[in-house]
2 protein chains.
Amino acid sequence: MQTDPLSVAFSALADPTRRAMLARLSAGEATVNELAEPFAMTLPAVSKHLKVLERAGLVSRGRNAQFRPCRLEAGPLKDVAAWMEHYRRFWDDSFNRLDDYLREIQHKETSGDA
Amino acid sequence: MQTDPLSVAFSALADPTRRAMLARLSAGEATVNELAEPFAMTLPAVSKHLKVLERAGLVSRGRNAQFRPCRLEAGPLKDVAAWMEHYRRFWDDSFNRLDDYLREIQHKETSGDA
DNA sequence: AATGTATTTTACCAATTAGATAATTAACTT
DNA sequence: AAGTTAATTATCTAATTGGTAAAATACATT
């Protein structure tokens, strides 16, 4: 098993259940039962998935009476994005284009609201 | 084991050896032996890692005599980046700033070479 | 044809993971 | 105190992973 943070993050993300949990948490805090609700899976199984996400630093949990509210922590996603950035030129067609900055500026001007 | 493309990609990336292989391939094609060289690992082990990357669509291989030159295929990285984009607001401090587009424009002007 | 080089396949092993069920802990409600 | 709800821990099984060693395949050269 890998222990470096990036590997731990990638492997935590390599499961659709866990990604769905993160999606749910991106809408706000949730309890374990709330997170479990959409899945045909026992609560302990969900608890395990949460522990994986927690170990990866993608989720933190508070205590509120008998509830353990879960919260999204996006720090590791930043690291993943930073790693990905090295490869952007391979998949982002616009990345190498000469007129890139022109289109960027135009995009910002049309979508910006300053 | 998960079979959806995104999970397969994430799980292929969840290993430092495989990420190092991708890094090597980002500099150009390489044979299995060339890829194996930096690692204290037998050739079959490397071959297995390559198969994981291949299954994820991150690597393709040609045939040149008895060599199987490997090449980086970044398609899946694009999918990963697209998934990540949903979470950008959680980790990119600048994402929600009002002056975002101004700094972007400045960056493009200083680093661009059109 | 024989040999050497590149790579893969097979057989095997140890460690990990994902899930289930059952039991347990913790906190609230009555 | 008793019962209910939230969540975890313990234990088991099946499947997967990452590695090795040895054999097999594919091609090039002599």
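- Per an unreviewed UniProt entry, chain A goes by ArsR family transcriptional regulator and derives from Nitratireductor pacificus pht-3B.

## Some words on the packing of aromatic side chains
Centre-to-centre distance and the angle between the planes together describe a pair of aromatic rings.
Residues and elements named next belong to chain A.
So, point 1. This model, assessed by the stated rule, comprises 7 aromatic pairs over all chains.
So, point 2. Measuring from centroid to centroid gives 4.7 Å for W83 and Y87, while their planes differ by 35°, and the two rings are tilted. Each member of the pair, W83 together with Y87, is buried.

## Some details on the packing of helix 1 (residues 5-13) of chain B against helix 5 (residues 75-85) of chain B
All names here are of chain B.
So, point 1. Contact pair helix 1 / helix 5: the axes reach a minimum separation of 10 Å and the direction vectors enclose 100°. Comparing their axes, helix 5 and helix 1 come out roughly perpendicular. For the pair helix 1 and helix 5, the contacting residues are L6, A9, F10 and L13 in the first and P76, L77, D79, V80 and W83 in the second.
So, point 2. By residue class, the composition of the contact of helix 1 with helix 5 is 8 nonpolar, no polar and 1 charged.

## Some thoughts on the protein's contact with DNA strand D
So, point 1. The immediate surroundings of DNA strand D are formed by 23 residues, with N33(A), S47(A), T42(B), K48(B) and H49(B) found nearest.
So, point 2. Atoms of DNA strand D within 4 Å of the protein: sugar and phosphate make up 78%, bases the balance.
So, point 3. Contact between DNA strand D and V32(A): a phosphate oxygen at 3.4 Å from a main-chain N or O atom of the residue.
So, point 4. The side chain of T42(B) places a nitrogen or oxygen atom 2.5 Å from a phosphate oxygen of DNA strand D.
So, point 5. Of all the secondary structure elements, the ones that give two or more residues to the surface near DNA strand D are helix 3 (32-36) and helix 4 (43-55) of chain A together with helix 4 (43-55) of chain B.
So, point 6. For the surface near DNA strand D, the per-class residue count stands at 9 nonpolar, 7 polar and 7 charged.

## Remarks on helix 1 (residues 5-13) of chain A
So, point 1. Counting buried positions along helix 1 of chain A yields 7 of 9 residues, so the element is predominantly enclosed.
So, point 2. Of the positions making up helix 1 of chain A, those classed as buried are L6(A), S7(A), V8(A), A9(A), F10(A), A12(A) and L13(A).
So, point 3. Next to the buried residues of helix 1 of chain A lie helix 2 (16-25), helix 4 and helix 5 (75-85) of chain A together with helix 1, helix 2 (16-25) and helix 5 of chain B.

## Some points on the protein's contact with DNA strand C
So, point 1. Close to DNA strand C lie 22 residues; T42(A), K48(A), H49(A), N33(B) and S47(B) are nearest.
So, point 2. Counting only the atoms of DNA strand C that lie within 4 Å of the protein, the sugar and phosphate share comes to 78%.
So, point 3. Within the side chain of K48(A), a nitrogen or oxygen atom sits 2.7 Å from a base oxygen of DNA strand C.
So, point 4. The separation between a phosphate oxygen of DNA strand C and a polar main-chain atom of R68(B) is 3.5 Å.
So, point 5. Counting only elements with at least two residues in the surface near DNA strand C, the list comes to helix 4 of chain A together with helix 3 (32-36) and helix 4 of chain B.
So, point 6. In the surface near DNA strand C, the residues fall into 9 nonpolar, 7 polar and 6 charged.

## Section: the packing of helix 2 of chain B against helix 4 of chain B
The relative placement of two packed helices is expressed as an angle between their axes plus a distance between the axes.
Residues and elements named next belong to chain B.
So, point 1. Relative to each other, helix 2 and helix 4 sit at 75°, their axes nearing to 10 Å. In this view, helix 2 runs roughly perpendicular relative to helix 4, as classed from their interaxial angle. Across the interface between the two elements, T17, R18, M21 and L22 of helix 2 pack against V46, H49, V52 and L53 of helix 4.

The rules behind these values
Residues numbered from 1 in each chain as written. Chains lettered and ligands numbered in written order. Predicted model: local features only at pLDDT ≥ 70, side-chain atom pairs only at ≥ 80, totals over all residues. Heavy atoms only, no water. Phe/Tyr/Trp six-rings, centres within 6.5 Å; stacked < 30°, edge-to-face > 60°. Buried < 20%, exposed > 50% of the residue type's maximum accessible area, 1.4 Å probe, protein only. Axes fitted to C-alpha atoms, helices over the stretch in contact; angles between N-to-C directions. Helix = DSSP H or I, 4+ residues; strand = E, 2+ residues; numbered from the N terminus. Parallel < 35°, antiparallel > 145°, perpendicular 65-115°, else oblique. Contact = heavy atoms within 4.5 Å. Nonpolar A, V, L, I, M, F, W, Y, C, P; charged D, E, K, R; others polar. Near = heavy atom within 4 Å. Polar contact = N/O pair within 3.5 Å; in protein donor to acceptor, adjacent residues only side chain to side chain.

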